[in-house]
Amino acid sequence: MSEDRDPETSSVPAPAGSGARENGFSDEKWDYRPLRLPPGITRLSAATQLSIHAEFSGWELSRVLLYSDGTRKVWLRRRRSTPGVPELRT
């Protein structure tokens with residue numbers, strides 16, 4: 001079984017706030033970002049949008065939900081980066 005947590009079924013609570021899951025959240029290893037694609041978007045257009053997110057922002061596909069009306073809810077994730085040592089001022 002994978003150690004990765006699924007953002008939809010994770011037992012880790014979302015950060016405080018009313019729309020925390022809709023705005024994205026983080027756990028120990030990953031940052032998650034939800035993305036809704038309307039029903040009029042073709043599969044090719046959706047793939048292009050996701051490719052742009054992957055190439056320029058470092059996101060990867062975590063999960064896709066396809067609803068009966070054609071709307072897609074996509075969860076993107078990327079590994080959390082640890083902040084480096086702050087620059088020393090002399």
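Above this text is the structure in question.
Because the structure is predicted, anything quoted here is derived from the model rather than measured. (Residues numbered from 1 in each chain as written. Predicted model: local features only at pLDDT ≥ 70, side-chain atom pairs only at ≥ 80, totals over all residues. Heavy atoms only, no water.)

*Asks:* Mind laying out the sheet that holds strand 1 (residues 25-26), listing which residues take part and the relevant values?
*Replies:* A sheet is described by the order of its strands in space; here four strands give the open sequence 1-2-4-3, paired in antiparallel fashion. Each having just a single partner strand, strand 1 and strand 3 (60-66) make up the two edges of the open sheet. Both strand 1 and strand 2 (residues 30-37) contribute to a ladder of two bridges, which runs antiparallel. Bridge pairing in strand 2 links Ser26 to Asp31. The strands that helix 2 (residues 43-57) touches are strand 2, strand 3 and strand 4 (72-79); relative to strand 4, the one it contacts most, it runs at about 20°. (Pairing = 2+ DSSP bridges. Helix = DSSP H or I, 4+ residues; strand = E, 2+ residues; numbered from the N terminus. Contact = heavy atoms within 4.5 Å. Axes fitted to C-alpha atoms, helices over the stretch in contact; angles between N-to-C directions.)

*Asks:* Account for the packing of aromatic side chains, naming residues and giving values.
*Replies:* Applying the stated criterion across every chain, the model contains zero aromatic pairs. Over the ring of Trp30 we find Arg77; its NZ or CZ atom is 3.9 Å from the centre of that ring. Positioned above the aromatic ring of Trp30 is the side chain of Arg79, whose terminal nitrogen or guanidinium carbon lies 4.4 Å from the ring centre. (Phe/Tyr/Trp six-rings, centres within 6.5 Å; stacked < 30°, edge-to-face > 60°. Lys NZ or Arg CZ within 6 Å of the ring centre and 35° of its normal.)

*Asks:* Kindly report on the pattern of salt bridges, identifying the contributing residues and their values.
*Replies:* Enumeration over the complete set of coordinates arrives at two salt bridges. For the salt bridge of Arg80 with Asp31, the shortest nitrogen-to-oxygen distance reads 3.5 Å. Of this pair, Arg80 sits in the segment after strand 4 while Asp31 sits in strand 2, and the two are 49 residues apart along the sequence. Judged by its relative accessible area of 43%, Arg80 falls in the partly exposed class. (Salt bridge = Lys/Arg side-chain N within 4 Å of Asp/Glu carboxyl O. Buried < 20%, exposed > 50% of the residue type's maximum accessible area, 1.4 Å probe, protein only.)

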